[in-house]
Amino acid sequence: DAGITQSPRHKVTETGTPVTLRCHQTENHRYMYWYRQDPGHGLRLIHYSYGVKDTDKGEVSDGYSVSRSKTEDFLLTLESATSSQTSVYFCAISESLRENYGYTFGSGTRLTVV
Amino acid sequence: DAKTTQPNSMESNEEEPVHLPCNHSTISGTDYIHWYRQLPSQGPEYVIHGLTSNVNNRMASLAIAEDRKSSTLILHRATLRDAAVYYCILRDNNYGQNFVFGPGTRLSVLP
């Protein structure tokens, strides 16, 4: 999607290795989010950010950490990847928490942990 | 957990209207109802949102029950490109007023 880029698009990694996924936006939006999507679960919120160095946990944050040192970048790190973290990861951005402001999602990163 | 419930799947014929239901019995007076959809191999995209009265845009209409405990997304004339998973969402106080998605409704459109 225009204004939000996820990298890499696909990654295969081994169990126990660290992995970092990047979300980059050019919209200067304050709010950024990481979701994971698994069959039968819809999208589940991992972590979110309200601004630079301001992050909080979502509903499935165990095993994940995030960092936001610049407005445009929100990094998701799996410190020691496990097979249960095989998933499709989506980043989203939002200008505001007010109801008339929605989310714009990236195209996703497909991560496979073998 | 999501604050909404939707049927797992629905089927429609091409060029016919589609009514996708959503129940949100615990909705508060200030909660807006948001709808997103996810096409195959893509991230979710915004469809429509509303508070009380019915809403229309170029993609769809949103009909909200008078007691606001349910709503219906209406696609007036389904096309094959409308085949997607449709999510009905309320903001969640447990996660900073952010969106928490449920499994959604998978809409199949038959030619």
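To start, this report covers the structure provided alongside it.

Calculation criteria
- Residues numbered from 1 in each chain as written.
- Chains lettered and ligands numbered in written order.
- Predicted model: local features only at pLDDT ≥ 70, side-chain atom pairs only at ≥ 80, totals over all residues.
- Heavy atoms only, no water.
- Contact = heavy atoms within 4.5 Å.
- Buried area = accessible area lost by both parts, 1.4 Å probe.
- Helix = DSSP H or I, 4+ residues; strand = E, 2+ residues; numbered from the N terminus.
- Nonpolar A, V, L, I, M, F, W, Y, C, P; charged D, E, K, R; others polar.
- Pairing = 2+ DSSP bridges.
- Axes fitted to C-alpha atoms, helices over the stretch in contact; angles between N-to-C directions.
- Buried < 20%, exposed > 50% of the residue type's maximum accessible area, 1.4 Å probe, protein only.

**A few points about the interface of chain B and chain A**
- Taken together, the contacts link 22 residues of chain B with 25 residues of chain A.
- When chain B packs against chain A, close to 1800 Å² is buried across both sides, 49% of that on carbon and sulfur atoms.
- Of all the elements, strand 3 (residues 33-38) of chain B adds the most residues to the side of chain B that touches chain A, at three residues.
- For the side of chain B that touches chain A, a count of residues per class yields nine nonpolar, ten polar and three charged.

**Some words on the sheet that holds strand 7 (residues 64-70) of chain A**
Residue and element names in this part refer to chain A.
- Across the sheet, four strands lie side by side as 1-3-8-7; this open sheet has antiparallel pairing. Edge positions in the open sheet fall to strand 1 (4-7) and strand 7, since each of these has one partner strand only. Neighbouring strand axes in the sheet, compared pairwise and without regard to direction, differ in orientation by 20° on average.
- Relative to strand 8 (residues 73-78), strand 3 (residues 19-25) is paired through six bridges, and the arrangement is antiparallel. Bridge pairing links V19 to L78 in strand 8.

**Structural notes on the sheet that holds strand 3 of chain B**
All names here are of chain B.
- Taken together, the five strands give an open sheet; going across it, the order is 1-11-8-3-4, and neighbouring strands pair in mixed fashion. The outermost strands of the open sheet, each flanked by one partner alone, are strand 1 (9-13) and strand 4 (45-50). Geometrically, the sheet is characterised by an average inter-axis angle of 25° between neighbouring strands, direction not taken into account.
- Here strand 1 pairs with strand 11 (residues 105-110) via five bridges, running parallel. The partner of E11 across the bridge, within strand 11, is S108.

**Details of the pairing of strand 7 (residues 70-75) of chain B**
Residue and element names in this part refer to chain B.
- In this structure, strand 2 (residues 18-23) lies alongside strand 7, joined through six bridges in antiparallel fashion. The partner of C22 across the bridge, within strand 7, is S71.
- Bridge count between strand 6 (residues 61-64) and strand 7: four bridges; the pairing is antiparallel. Pairing of I64 across the sheet is with S71, part of strand 7.
- From the end of strand 6 to the start of strand 7, which pair antiparallel, there are five residues, and R68 there has a positive phi angle of about 65°.

**Section: unusual backbone geometry**
- With an omega of -10°, the peptide bond running from S7 of chain A to P8 of chain A counts as cis.
- Looking at the secondary structure, you find P8 of chain A in the loop between strand 1 and strand 2 (10-13).
- The backbone of K53 of chain A sits at a positive phi, close to 60°, despite the residue not being glycine.
- Along the chain, K53 of chain A falls in the loop between strand 5 (42-51) and strand 6 (54-57).
- Assessed through its relative accessible area of 72%, K53 of chain A is described here as exposed.
- Phi is positive for E15 of chain B, close to 70°, though the residue is something other than glycine.
- In this structure, E15 of chain B sits in the loop between strand 1 and strand 2.

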